[in-house]
Amino acid sequence: MTILVTGGAGFIGSHLVEYLLVETGESVLVLDDFSTGREGSLPDSNRLELVDGDVCDQESIEDLVERSKSVYHLAAAVGVEKVVDEPLDSLRTNVEGTRYVLDAAAADGTPVFVASSSEVYGKSTAIPFGEDDDRVIGPTSVPRWGYANAKALDEFYALAHHDENDLPVVIGRFFNTVGPRQIGEYGMVIPTFVEQALDDDPITVYGDGTQTRTFMHVHETVEAVHELMNEPEANGRVFNIGSSDSVSINDLAQRVKNLTESESTIEHVPFEEAFDEDFEEPDHRQPDITRLRDTLGWTPDSDLDRILEDVIAERRDDVEVSS
Ligand code: NAD
């Protein structure tokens, strides 16, 4: 028996795979279609098997889940820009893919971790967000809310399997997770800022930059995910997984500029210019992590400068290797 990680070649997935190989001594099976993941992100190990495939291929999912003792389901169409540009593909992957994984797991009672997102809170202003809070979602004419609703549907589906079929499930709502290997191409703010700063290009802040976000180091994220899957108290529950320290995007841009000693200017770009006219962006996002702390007995350290230094060091190494 092995541990299946869907989306295992992605940013969080590849760190999780590395963690599982080291911490559990088990073999790990990765399913990924490499749409945003990269094979080069995965470690060399004779306990690692890689399957290039689509999470929406139901038959293949059933085979892979049948071979597995537990499943970490991270495969998804991710990133606001990707979700806005390719709404149909995003919905297909994020709704159908999760359904196939959960149905296959339910057949044998295989425990599943489902990666959800802070996006499910939508534009709620009830800061900090608690797992059982109301959600405030925008209209169906705005594609970004399709991602929020797809992730919410994944949660409903997982919880329904838990209630009706006793399927062991843990749902993690990731808030911004950052660290080495994350790519800026799909609108992820920290890799984008770091790349701009290292090239001395303008650092582009969307909107007026007073919006705030929290950032958690990916090493802590994967540790939390693994511990939750091994904690009986977590079964059948939803957890916010994120840092509780907020930073404004203006402050973030300045910190990246300082830490990289960049000549970049910081420029503000209206959301309507970067996205469509009807684009909506919540002002503040911050998790209530009481449930995570009470269940695991620890909270993320999330020293933002340390996270930024890790990302900057990786990008500098990349530049040196390629030059
Ligand atoms: P990522 O894009 O690096 O990882 C997603 C992986 O899924 C990629 O390797 C991609 O190639 C793969 N994938 C996409 N569609 C697929 C398909 N149809 N079949 C098989 N594989 C497919 O993104 P990430 O940041 O590592 O996100 C991992 C999970 O965490 C996702 O479910 C995402 O929604 C969730 N999440 C991440 C964050 C964050 O801050 N990074 C925040 C909220 C939620």
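Just so we're clear, the structure is a prediction, and the values are computed from it rather than from any experiment.

**A closer look at the overall build of the protein**
Move 1: When its secondary structure is counted, the protein shows 11 helices and 13 strands.
Move 2: Since a compact globule built from 323 residues should have a radius of gyration of about 20 Å, the 19 Å found for the protein is in line with a globular shape.
Move 3: A principal-axis box enclosing the C-alpha atoms of the protein has dimensions of 55 × 45 × 40 Å.
Move 4: Of the accessible surface of the protein, which amounts to about 14100 Å², a share of 44% is contributed by carbon and sulfur atoms.
Move 5: Of note, the protein has its 23 positive side-chain charges centred 3 Å away from the centre of its 67 negative side-chain charges.

**Brief notes about the sheet that holds strand E4 (residues 68-73)**
Move 1: Strand order in the open sheet formed by seven strands is E3-E2-E1-E4-E5-E6-E11, with parallel pairing between adjacent strands. Two strands in the sheet have a free side with no partner beyond their single neighbour: strand E3 (48-52) and strand E11 (237-241). The sheet shows a mean angle of 20° between the axes of neighbouring strands, taken without regard to direction.
Move 2: Two elements, E4 and strand E5 (residues 112-117), share three bridges in a ladder whose sense is parallel. Note that in E5 the partner of Val 71 across the bridge is Val 112.

**A short note on the domain arrangement of the protein**
Move 1: As far as domains go, the protein holds domain 1 (2-177 + 215-241) and domain 2 (182-213 + 245-285 + 303-316).
Move 2: Placing a centre on the C-alpha atoms of domain 1 and another on those of domain 2 gives a separation of 25 Å.
Move 3: Taken together, the contact pairs 28 residues of domain 1 with 25 residues of domain 2.
Move 4: Together, Glu 81, Phe 215 and His 217 form the three largest contributors to the area buried by domain 1 at its contact with domain 2, with a combined 32%.
Move 5: Scanning the region where domain 1 abuts domain 2 turns up one salt bridge.
Move 6: The partner of Glu 119 in a salt bridge is Arg 285, and the shortest N-O contact between them spans 3.0 Å.
Move 7: At the surface where domain 1 touches domain 2, the tally comes to four residue pairs in polar contact (both at pLDDT 80 or more).
Move 8: Top contributing element to the side of domain 1 that touches domain 2 by residue count: helix H3 (residues 80-85), with four residues.
Move 9: Classifying every residue of the side of domain 1 that touches domain 2 by side-chain character gives 11 nonpolar, 11 polar and six charged.

**Structural notes on the pairing of strand E1 (residues 2-6)**
Move 1: Of all five residues in E1, five are buried; the element is thus mostly enclosed.
Move 2: Of the strand pairs in this sheet, E1 and E4 are connected by five bridges, and their pairing is parallel. Within E4, the residue paired with Thr 6 across the bridge is His 73.
Move 3: Pairing between E1 and strand E2 (residues 28-32): four bridges, direction parallel. In the strand pairing of E2, Thr 6 is matched with Leu 31.

**Regarding the packing of helix H2 (residues 58-66) against helix H4 (residues 87-108)**
Move 1: Where H2 meets H4, the axes come as close as 9 Å, and the angle between the chain directions of the two elements is 40°. Relative to H4, H2 is oriented oblique. For the pair H2 and H4, the crossing hand works out as right-handed. Contact residues: H2 offers Gln 58, Ile 61, Glu 62, Val 65 and Glu 66, while H4 offers Tyr 100, Val 101, Ala 104, Ala 105 and Asp 108.
Move 2: For the contact of H2 with H4, the per-class residue count stands at six nonpolar, one polar and three charged.

What counts, and at which threshold
- Residues numbered from 1 in each chain as written.
- Predicted model: local features only at pLDDT ≥ 70, side-chain atom pairs only at ≥ 80, totals over all residues.
- Heavy atoms only, no water.
- Helix = DSSP H or I, 4+ residues; strand = E, 2+ residues; numbered from the N terminus.
- Rg over C-alpha atoms; globule rule 2.2 N^0.38 Å.
- Areas by Shrake-Rupley, 256 points an atom, 1.4 Å probe, with all protein chains shown as cover.
- Lys, Arg positive; Asp, Glu negative; His and termini not counted.
- Charge placed at Lys NZ, Arg CZ, Asp CG, Glu CD.
- Pairing = 2+ DSSP bridges.
- Axes fitted to C-alpha atoms, helices over the stretch in contact; angles between N-to-C directions.
- Domains from an automatic or database assignment.
- Contact = heavy atoms within 4.5 Å.
- Buried area = accessible area lost by both parts, 1.4 Å probe.
- Salt bridge = Lys/Arg side-chain N within 4 Å of Asp/Glu carboxyl O.
- Polar contact = N/O pair within 3.5 Å; in protein donor to acceptor, adjacent residues only side chain to side chain.
- Nonpolar A, V, L, I, M, F, W, Y, C, P; charged D, E, K, R; others polar.
- Buried < 20%, exposed > 50% of the residue type's maximum accessible area, 1.4 Å probe, protein only.
- Parallel < 35°, antiparallel > 145°, perpendicular 65-115°, else oblique.
- Left-handed = near helix turned anticlockwise from the far one by under 90°.

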